[in-house]
Amino acid sequence: MDKEKKGLHLKRATKLKIIFAGLLTTVAAMFATIYFAEDQTHPKPVVVGALFGLIFGGFLAALLMVLGTKDDKNVPKYDERQIAEQGKAYKYGFFTALIMLALVACSGLFEIEIPMEQSMLCIFVVVVMVAVVATPLIMKDAYFSLRENKRFLIIVVGILSLVNLAIGVGAIASGRIMTDGKVSFMGGANLAAAALLIYIEIAIIIKSIIDKKED
Amino acid sequence: MKNLKLKSARASFDMSQQDLADKVGVSRQTINAIEKGDYNPTINLCIAICKALNKTLDELFWEE
């Protein structure tokens, strides 16, 4: 067990090097895709672009996680009360997802039209589930680990919500939000992400105010 | 039930909830929840708190 832990533990500098290498590789792959885009034998640039966007976003998230975390192995990530609260929160999230997916299945069964593309509907379920999980986690102080730099992550969440909001508003302005009378994935996903991040940011601010009053 | 023994022991060392939390390796809210009686700590955490405050388990956690 200890050997496994030792094997997995990487120094902060090593993690940053791996992440930067990943970011550079993704950017290089993006340029290569643009270069080969005219060749019709290759996949559509939009699909490849979206794929690389996801990979790039993953590396960016990893970078922010490393930068926003104290590299102190003596401090546990979460304490026992936080882990217990996380268990409860994930349970709420599980039942929310279960109920929502059952409703989606029923809508198909009874031929009820949902004004969303199927992929957007999946994003909607995920957003609601994450909101349900995040609320008790934030309110019971089990959202941030003991090692995380809370202020840094609040700023990052704020920036990410604004970026998503800007893309979403752009989609509304250009009319990309609706396709065949349904909310499209290309326009709606960013708006849904923005709504979730703004909700999380507001919950964190409310919790901070409650904590300050307690102090 | 509120744990006033823990609160007074902490105060006698002139420690804040955050100081004790840092010493034990938990969040401030966890210490707050134990003092308010909202959370029942495991025996491991009880022992860690006792060691940090130089008290026995009976002195801090035994209800009379």
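Residues numbered from 1 in each chain as written. Chains lettered and ligands numbered in written order. Predicted model: local features only at pLDDT ≥ 70, side-chain atom pairs only at ≥ 80, totals over all residues.

Trainee: Account for the overall build of chain B, with residues named and values stated.
Mentor: The secondary structure content of chain B amounts to five helices and zero strands. In chain B, the succession of helices and strands from N to C terminus is α-α-α-α-α. Against the globule reference of 11 Å for 64 residues, chain B gives a C-alpha radius of gyration of 10 Å, in line with a compact fold. With the principal axes as the frame, chain B shows a C-alpha extent of 30 × 20 × 20 Å. Here chain B holds 64 residues, and 28% of them are scored as buried. Across chain B, every contact between residues at least 6 apart in sequence was considered, and the portion connecting residues at least 24 apart equals 52%. (Helix = DSSP H or I, 4+ residues; strand = E, 2+ residues; numbered from the N terminus. Rg over C-alpha atoms; globule rule 2.2 N^0.38 Å. Buried ≥ 20, exposed ≤ 12 C-beta atoms within 10 Å, placed from the backbone. Contact = placed C-beta atoms within 7 Å.)

Trainee: So what about the confidence of the model for chain A? Which residues, and what values?
Mentor: Of the residues in chain A, 84% reach a pLDDT of 70 or more, and the chain-wide mean stands at 82. Predicted confidence for residues 1–7 of chain A stays below pLDDT 50, and this span has zero contacts to residues more than four positions away or in other chains. (pLDDT = per-residue confidence, 0-100.)

Trainee: Tell me about the interface of chain B and chain A, and please be specific about residues and values.
Mentor: Taken together, the contact pairs nine residues of chain B with eight residues of chain A. Per-element tally for the side of chain B that touches chain A: the top contributor is helix α3 (residues 28–36) of chain B, with three residues. Partitioned by chemical class, the residues of the side of chain B that touches chain A number four nonpolar, five polar and no charged. (Nonpolar A, V, L, I, M, F, W, Y, C, P; charged D, E, K, R; others polar.)

Trainee: Account for the environment of Tyr92 of chain A, with residues named and values stated.
Mentor: Residues and elements named next belong to chain A. You can see Tyr92 is positioned in helix α4 (residues 80–109). On a C-alpha basis, the gap between Tyr92 and Ser208 in space is 23 Å, while along the polypeptide they are 116 residues apart. In this structure Tyr92 touches Val132, Val133 and Pro136, once residues within four positions along its chain are discounted.

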